[in-house]
Amino acid sequence: MLIVMHHWATDRDIEKVKATITSMGLKPVAIPGAERTAIGVIGNEGWVDDAPLRGIKGVLEIIHVTKSYKLVSRDFHPSDTVVRLGDGVKAGGRAPFLVIAGPCAIESRDQIFKTARFLKKLGVPALRAGAYKPRTSPHSFQGLREEGIRLLSNVRKEVGILVVTEVMSPEHVEMVAGEVDILQIGARNMQNFDLLKEVGKTRKPVILKRGLSATVEEWLASAEYILLGGNPDVVLCERGIRTFETATRNTADLSVVPLVKESSHLPVIFDPSHATGKRSLVPHMALASLVVGAHGVMVEVHPDPEHALSDGPQSLHFKEFEKLLKQLRAMEGFMKTLKEQGGRWRSVS
Ligand code: PEP
Ligand code: MN
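Residues numbered from 1 in each chain as written. Chains lettered and ligands numbered in written order. Predicted model: local features only at pLDDT ≥ 70, side-chain atom pairs only at ≥ 80, totals over all residues. Heavy atoms only, no water.

### A word on helix 3 (residues 109-122)
Argument step 1. Helix length check: helix 3 (14 residues) gives 20 Å between terminal C-alpha atoms against 20 Å at 1.5 Å per residue, within 8%.
Argument step 2. Those residues of helix 3 lying buried are Gln111, Ile112, Phe113, Thr115, Ala116, Phe118, Leu119 and Leu122.
Argument step 3. Among the structural elements, strand 7 (98-102), strand 8 (126-128), helix 4 (146-160) and helix 11 (318-341) are those in contact with the buried residues of helix 3.
Argument step 4. Among the residues trailing helix 3, glycine 123 stands out with phi positive, at a value near 80°. (Helix = DSSP H or I, 4+ residues; strand = E, 2+ residues; numbered from the N terminus. Expected span 1.5 Å × (residues − 1). Buried < 20%, exposed > 50% of the residue type's maximum accessible area, 1.4 Å probe, protein only. Contact = heavy atoms within 4.5 Å.)

### A few points about the domain arrangement of the chain
Argument step 1. Segmentation of the chain into domains returns domain 1 (2-63) and domain 2 (83-340).
Argument step 2. Summarising the inter-unit geometry, the C-alpha centres of domain 1 and domain 2 are found 38 Å apart. (Domains from an automatic or database assignment.)

### Observations concerning the sheet that holds strand 3 (residues 38-42)
Argument step 1. Taken in spatial order, the four strands make up an open sheet running 2-3-1-4, and their pairing is antiparallel. Single-partner strands in this sheet number two, and they are strand 2 (27-31) and strand 4 (59-63). Along the sheet, successive strands turn relative to each other by an average axial angle of 25°, direction set aside.
Argument step 2. Direction of pairing for strand 1 (residues 2-5) relative to strand 4: antiparallel, over a ladder of four bridges. Counted as the bridge partner of leucine 2 is isoleucine 63 from strand 4. (Pairing = 2+ DSSP bridges. Axes fitted to C-alpha atoms, helices over the stretch in contact; angles between N-to-C directions.)

Next comes the structure, spelled out in structure tokens:
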């Protein structure tokens, strides 16, 4: 439920509304706005009788929200959320286009340090690498698990780069959150609600991937679990969806980037590696995501993709990544110029 106040409503009127909501056993959420003051209501599991609020002075309108998410929506939070990932590194709003890169999985000390040093030299702020790997077949490499987290933690300290890794089970959340900068919830776990509740309790930013066959509403409802748990720092990540098409690993659904930005204030990044499954397509789709307004990309890169233990065919070689990075920076400058010039490009944000 959303209570919209008249522009002339006083602080006392607003406080009265909030106190009434609290007395109904619910929680008021102040919604910032330049012209109107609104108060969101959370804590109800069904329809709420709004009778106690109707007569209060200054109330203009009461809107019953029927979506499966509230805190994630622009109704409750009109301005863009900018998530702080580390010192000087942010995602969302007008923050610089974020580039996260690294191998699918941590395979060895040599592999992860080599990649981290390469990225650091290029000025890439964050390294991605999986320690706990969700693999379709139990016969495939399952990741170095605890040993992988240890290596990642060492890389983080010795190289001085932010690290992102996937957490697959609620029992691991506290330990992993203590060692890395950013937690990743993988596509296969997007609706692991116990896991979402657990990362909601941490103070680490969370990259929430869209599920393989999840609708946008389901994806945003999953983000709602994390925000409702008390962690506001969620970055959404589109990574391609399942369709009838098998020519690509997944179907890169880039239209959701501007779509999600209409309904949610959270940053949205794009993963062109899993979205296509094909190295040659990755640079095209990474650049395209920037043009449609993504706040960043997460790209798989490996020192020796031909011998990678997972996702080699979609991982860029170092040289290819370096070229893509230059192109992304050039495209970012170009888009900025277009936006500054205004006109019809203004809608591209
Ligand atoms: C990954 O990032 O390596 C990964 C497993 O991604 P997804 O969950 O999108 O399949
Ligand atoms: Mn992968």
